[in-house]
Amino acid sequence: MDYTEQGMETSRIKKIYASYSRIYDFIFKRWFYPRQQHVIRSLSLQEGQRVLDLGVGTGLSLPLYPRHVQVTGVDLSNSMLREAQKKIRQEGLDHVTLLEMDAGQLAFADDAFDVVIAAFVISVVPDPIQVIAEIKRVSKPGGKIVIINHFQSQNKLIARVEKWLSPLCQKIGWRSDLALEYLVHYAGLSVQQMYSLNKIDLWKVVYVSNNK
Ligand SMILES: C[S@@+](CC[C@H](N)C(=O)[O-])C[C@H]1O[C@@H](n2cnc3c(N)ncnc32)[C@H](O)[C@@H]1O
């Protein structure tokens, strides 16, 4: 659970994702989209629910939300948001609003959302504990919170390799050494359910209860 070394700085994250923005979908859609699709379907979103898509990026997930919910997508990177805005325009996604915002300092009232989804973002932010605190604050008591992310393996050997690789991974935009246990311990994350979509999968789908 050693996650104390300096994470990526916000300015560096912005720079990295600005450079990705135009090619992001081409590289990542095949990996990320099926997992987002699975999660959004699993939530059976109800008419009028408010959904926060945290670190929405280029908006890969946006066409997946039913039109009867209100979606707010936030991201640090205006270059990524520009790509998301294109999708909104092209697909007429009038039920989606985008805001440039730091996930660690959300400008929303307490209990503002029925559902919060954080896909492939928790190991990108500099301070995941602060982000989890913000997720809990803005989600309603009893609201649904889902995190899709890579977490450090529980296998000691693989975990060591992930720790070793993390500085390299940070150069391309995320850390490979964030353990779920770290979030459970230090952010009070209460895991309801967790699984991977495939037997060998880099990412976990984690359903979290809002125990604030
Ligand atoms: C790997 S991408 C994931 C994007 C999207 N969720 C997806 O599934 O395709 C990570 C995103 O998190 C954003 N991000 C990083 N740090 C952030 C922060 N502190 N607040 C909001 N967004 C952040 C990046 O700009 C980037 O768009």
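Placed above this text is the structure.
Residues numbered from 1 in each chain as written. Predicted model: local features only at pLDDT ≥ 70, side-chain atom pairs only at ≥ 80, totals over all residues.

Asker: What is the right way to read the site of the ligand from this model?
Answerer: The immediate surroundings of the ligand are formed by 22 residues, with Gly-55, Gly-57, Leu-76, Ser-77 and Ala-103 found nearest. Among the secondary structure elements, those contributing two or more residues to the shell around the ligand are helix 1 (10-20), helix 2 (24-42) and strand 2 (70-75). Partitioning the shell around the ligand into residue classes produces 14 nonpolar, six polar and two charged. (Near = placed C-beta within 6 Å. Helix = DSSP H or I, 4+ residues; strand = E, 2+ residues; numbered from the N terminus. Nonpolar A, V, L, I, M, F, W, Y, C, P; charged D, E, K, R; others polar.)

Asker: Sorry, what's going on with unusual backbone geometry here?
Answerer: Residues apart from glycine generally show negative phi values, whereas peptide bonds are mostly found in trans. One non-glycine residue, Asp-111, lies in positive phi territory at about 55 degrees. Here Asp-111 lies in the loop between strand 3 (96-100) and strand 4 (113-119). Under the C-beta neighbour-count criterion, Asp-111 is labelled partly exposed, with 15 such atoms within 10 Å. With a phi angle near 60 degrees, Phe-120 is a residue other than glycine that sits in the positive phi range. Mapped onto the elements, Phe-120 comes out in the loop between strand 4 and helix 4 (128-138). By the C-beta count within 10 Å, which is 22 here, Phe-120 ends up buried. (Buried ≥ 20, exposed ≤ 12 C-beta atoms within 10 Å, placed from the backbone.)

Asker: Got a minute to help me understand the pairing of strand 2 in this structure?
Answerer: Here is the key point about a regular strand: its side chains alternate between the two faces of the sheet. Among the six residues that make up strand 2, five are buried, leaving the element largely enclosed by the rest of the structure. Both strand 1 (residues 50-54) and strand 2 contribute to a ladder of five bridges, which runs parallel. Looking at strand 2, one finds that Asp-53 is bridged to Gly-73. Where strand 2 lies against strand 3, five bridges are found, and the strand directions are parallel. When the sheet's bridge partners are listed, Asp-75 is paired in strand 3 with Glu-100. Between the parallel elements strand 2 and strand 3, the chain passes through helix 3 (residues 78-91) in a crossover that is right-handed. (Pairing = 2+ DSSP bridges. Right-handed = clockwise from strand over helix to strand, strands pointing away.)

Asker: What am I meant to see in helix 4 here?
Answerer: Because each turn of an α-helix spans 3.6 residues, side chains separated by three or four positions end up pointing in the same direction. What helix 4 keeps buried is the set Pro-128, Val-131, Ile-132, Glu-134, Ile-135, Lys-136 and Val-138. On the buried face of helix 4, the contacting elements are strand 1, strand 4, strand 5 (139-149) and helix 6 (180-186). (Contact = placed C-beta atoms within 7 Å.)

Asker: Please clarify how the environment of Val-124 should be interpreted in this entry.
Answerer: Tracing the sequence through the fold places Val-124 in the loop between strand 4 and helix 4. With 45 residues separating them in the primary sequence, Val-124 and Cys-169 have C-alpha atoms 10.0 Å apart.

Asker: Would you explain the pairing of strand 6 (residues 190-195) in this entry?
Answerer: By the criterion of burial, strand 6 is predominantly exposed, with just zero of the six residues buried. The pairing of strand 6 with strand 7 (residues 204-209) spans five bridges and is antiparallel. Each residue of the ladder has a partner; that of Gln-193, found in strand 7, is Tyr-207.

Asker: Looking at this model, I keep getting lost on the environment of Ser-77. Mind explaining?
Answerer: Structurally, Ser-77 can be placed in the loop between strand 2 and helix 3. Sequence-distant contacts of Ser-77, that is, excluding residues within four places in its chain, are made with Lys-14, Tyr-17, Ala-18 and Ser-21.

Asker: Would you explain the nonpolar core in this entry?
Answerer: A general feature of soluble globular proteins is that nonpolar side chains tend to end up buried together. Grouped together as the largest cluster of nonpolar side chains are 53 residues, with contacts concentrated most on Leu-54, Val-116, Ile-117, Ala-118, Val-121, Ile-135 and Val-146. When sequence neighbours within four positions are dropped, the list of residues in contact with Ile-117 reads Val-39, Val-51, Asp-53, Leu-54 and Val-146. (Core = buried A, V, L, I, M, F, W, Y, C linked by C-beta atoms within 7 Å.)

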